[in-house]
Amino acid sequence: MRKITIVWTITLIIIVSVLTFIGFKYKEKNIDSIMEEELIKQAEKYLGLYPSLYPSLGNSARFTSEKLADEGYDAKLEDGCSGYVVVETKNTGFDYKAYIKCPNYMTKGYSQE
């Protein structure tokens, strides 16, 4: 009986350790998408107060993280990261796409313009 308890305890410790490790790796890989989502959220808040800045139908507008920060909207990007949001007007509404550039990550399609 004691051997079974020891085996189950070791098994549970291993399972918890592996799941914790996987969780940290998953979070580390998704930190970039979290920053992109936060940048979009701040751009939406900004445009909510200034609806005249929305682009006309078929056009797009670009809002940098620096401009949003100057206006008081902190996108909570990591140190060394910068980015921008492109807002396009579609027939059904607005399409937001965030682009982030960090020392170890860059969103596909990021433009230096």
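Thresholds, definitions, all that
- Residues numbered from 1 in each chain as written.
- Predicted model: local features only at pLDDT ≥ 70, side-chain atom pairs only at ≥ 80, totals over all residues.
- Heavy atoms only, no water.
- Salt bridge = Lys/Arg side-chain N within 4 Å of Asp/Glu carboxyl O.
- Buried < 20%, exposed > 50% of the residue type's maximum accessible area, 1.4 Å probe, protein only.
- Helix = DSSP H or I, 4+ residues; strand = E, 2+ residues; numbered from the N terminus.
- Polar contact = N/O pair within 3.5 Å; in protein donor to acceptor, adjacent residues only side chain to side chain.
- Contact = heavy atoms within 4.5 Å.
- Phe/Tyr/Trp six-rings, centres within 6.5 Å; stacked < 30°, edge-to-face > 60°.

*Asks:* So what's going on with the pattern of salt bridges? Which residues, and what values?
*Replies:* When the charged atoms of two side chains lie near each other, side chains of opposite charge can form a pair. If you walk through the whole model with that rule in mind, you get three salt bridges. In this structure, the salt-bridge partner of Glu71 is Lys67, at a minimum N-O distance of 3.8 Å. Overall, Glu71 belongs to the partly exposed group, its relative accessible area being 36%. Taking the relative accessible area as the measure of exposure, Lys67 reaches 35% and is therefore partly exposed. Here Lys90 and Glu88 are joined by a salt bridge, their closest N and O atoms 3.2 Å apart. According to the relative accessible area criterion, Glu88 is partly exposed, its value standing at 31%.

*Asks:* So, the side chain of Gln42: which residues are in play, and what are the values?
*Replies:* In this structure, Gln42 sits in helix H1 (residues 2-49). Assessed through its relative accessible area of 6%, Gln42 is described here as buried. A distance of 2.8 Å separates a polar atom in the side chain of Gln42 from a polar atom in the side chain of Glu38. Apart from residues no more than four positions distant in its own chain, Gln42 is found in contact with Leu68, Tyr73, Asp74 and Ala75.

*Asks:* Describe the packing of aromatic side chains, naming the residues involved and giving the relevant values.
*Replies:* Taken as a whole and judged by the stated rule, the model has six aromatic pairs. A ring pair is formed by Tyr46 and Tyr50, whose centres lie 5.1 Å apart and whose planes are at 50°; its orientation type is tilted. Given a relative accessible area of 37%, Tyr50 falls into the partly exposed group. Ring centres 5.6 Å apart and planes at 75° place the aromatic pair Tyr46 and Tyr73 in the edge-to-face group.

Remember, this is a structural readout, not a statement about activity or role.
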